[in-house]
Structures are given as C-alpha cells and as structure tokens.
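Here is how the chains run, residue by residue.
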Amino acid sequence: MARKRVRERSPLEFLSDLLDPGRLPASVDDSAGYLDLLAAQGSAERSLAQVAMENPVLARIYEGLWRPMFTRAFSFGGPGTKRYTDRVLAELSPSGAGLVLDVACGPGLHTRAFAANLGADGLAVGLDVSVPMLTQAVRDSCAERVAFLRADAHAIPFADKTFDSVSCLAALYLIPAPHEVIEEMIRVLKPGGKLAIFTTVDEKLTRIPLVKPVLAAASGIHIFGRDEITARLRRAGFAEVNQFISGQGQFVIATR
C-alpha cells in the first residue's frame, strides 16, 4: 500500500512552530500573510523616522530607490557600503537547515537574500513593526523559505539560542533603546552563530557638541560611538568581533 505523502509545512506554519509560547500575546493574526503579534496593541509614541517607515509610499519605493540612495550616502557616495553589505549577506547566509533572523527587515530585501541557500528545514525570518513594510514584503516575496513577523524587536518572541544568524542592517539607529535590541539579538543567537549590524557611527560632524542630542531629539536617529557596539559584544563573550567603517556608517560582524 502506498504511503501517504506528509504535507510540508508552509513558511508561516514553520515560523509559528519556532515562536516561544511564553512570549506570545493572547492572539496572533495571520490574515495579512505575516504573523502579527502587535495587532491588538495601541499605537505607541513614535519618532519622526519611525513615522516615515509607516508610509505606504516609502514602502513601495524603499528597495528600488530609497534604500540604495540612503545607504550609499553613508559612504558619502562611495561604493564601500554596497560592497560590505554583499559580504554580510554572504557570511550570514547558512545552507540547508539554517535559521536566520533579519531584525527590522523592512520590505524584506535582505530576508529573501538570506533564504537563497536554505533547504526544506531552513527558514529566514523577517521581523519588523511597520505594517506597510511587511505588506510590501509579503507582496514581493516569492522565496520558499521566507516568513515575516510583526513584533517588537525589544522583546523578540523566540527562545534563547534559536538562530544560526541574526542581523539588523540599516535600522538599529532608528529603534528606541537600541541596546535592548542588541541584547535580544544576542539572546536568540546560537553559540557559534554570527551576528551582523550595519548602523551609524560618529565622525567629525557628529562629534561636535550637541549635534548628537539635537539630531536624536529632532528625528529619533541615534549616532553610535566607534566602540559602543563592538565593546558591548566583546563583553558578551563574542570571540571574534570585526568592524568596518565607511564614512558615517559601520558594519560589525561577530561570532558568538
């Protein structure tokens, strides 16, 4: 008698199985094509930068126009940011059964890239709080090993040591309490796993007194000190911490 073929889990079912039940709200909404853990919550106070990320028009042009232009500006128009982004994607992309978490994924460009080499037991998870960005991510996604999640990066809803790779690329400077997010990223990373961050770094202009606090108050953008992130990761026991600075941006890749 022929054996029945077991139905493979969909990416959303796979993602649902990964979530830590003790960190979930009473209800989870999957009607928009992503898992929404924040649907029942009211609107929190947001910075100008965060409000911009909720704009549906920006979500539509983000990958093709806004992000390339904006990230290139980090290198003052040079190619350094693009080259190192490609390196990060290559280093953090596991093969086979790997699990990747892309924090503040926006419309999912990097999430999809992380999924390129994954097999049936692998998954790339994009996490964001913006409904327009996640809506666009679902609309653009044709990758088989990708799923998206609306959740607060200050309280990532996965158990300790879940992921082989964790990234937050070109977003950490927009997030309130960014060091809380770094703590969460460390918590959900497996021993031996890789963590990557692309964010701001101070340079001559932002070292001028009052520039950083004025910028933060006006737009919500946080400018990180040169050793602020690398020192935090070394204190957390990361054996290898590499930093590349290009203009006013920094890449940090670390191995736990």
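Rules and cut-offs
Residues numbered from 1 in each chain as written. Predicted model: local features only at pLDDT ≥ 70, side-chain atom pairs only at ≥ 80, totals over all residues. Heavy atoms only, no water. Buried < 20%, exposed > 50% of the residue type's maximum accessible area, 1.4 Å probe, protein only. Helix = DSSP H or I, 4+ residues; strand = E, 2+ residues; numbered from the N terminus. Pairing = 2+ DSSP bridges. Right-handed = clockwise from strand over helix to strand, strands pointing away. Arc of directions from axis to C-beta. Contact = heavy atoms within 4.5 Å.

Trainee: An account of the pairing of strand E3 (residues 123–128) is needed here, citing residue identities and associated values.
Mentor: Most of E3 is tucked away, with six of its six residues classed as buried. Because side chains alternate across E3, one face comprises the buried residues Leu123, Val125 and Leu127, and the other comprises Ala124, Gly126 and Asp128, equally buried. Looking at chain direction, strand E2 (residues 99–103) and E3 are connected through five bridges and run parallel. Within E3, the position partnered with Asp102 by the bridge is Gly126. With respect to chirality, the unit in which E3 leads through helix H6 (residues 131–140) into the neighbouring parallel strand E4 (residues 146–150) is right-handed.

Trainee: Before we move on, can you summarise helix H1 (residues 11–18) with the specific residues and values?
Mentor: All of the buried residues in H1 are Phe14, Leu15 and Leu18. End-on, the buried residues of H1 take up no more than an arc of 100°, which puts them together on one face.

Trainee: Report on helix H9 (residues 228–235), specifying residues and quantitative values.
Mentor: Listed in full, the buried residues belonging to H9 are Ile229, Thr230, Arg232 and Leu233. Buried residues of H9, seen end-on, are gathered within an arc of 160° and therefore sit on one face of the element. For H9, the elements touching its buried residues are helix H7 (178–187), strand E6 (189–200), strand E7 (240–246) and strand E8 (249–255). Taken from the residues just after H9, Gly237 is the one with a positive phi, measuring 95°.

Trainee: Report on unusual backbone geometry, specifying residues and quantitative values.
Mentor: Here Ala104, not a glycine, exhibits a phi torsion of approximately 55°, which is positive. Its place among the elements puts Ala104 in the loop between E2 and helix H5 (109–114). A relative accessible area of 17% means that Ala104 is categorised as buried. If you check the backbone angles, Ala170 has positive phi at about 60° while not being a glycine. Tracing the chain through its elements places Ala170 in the loop between strand E5 (163–169) and H7.

Take it as geometry only, folks, not as evidence of what the structure does.
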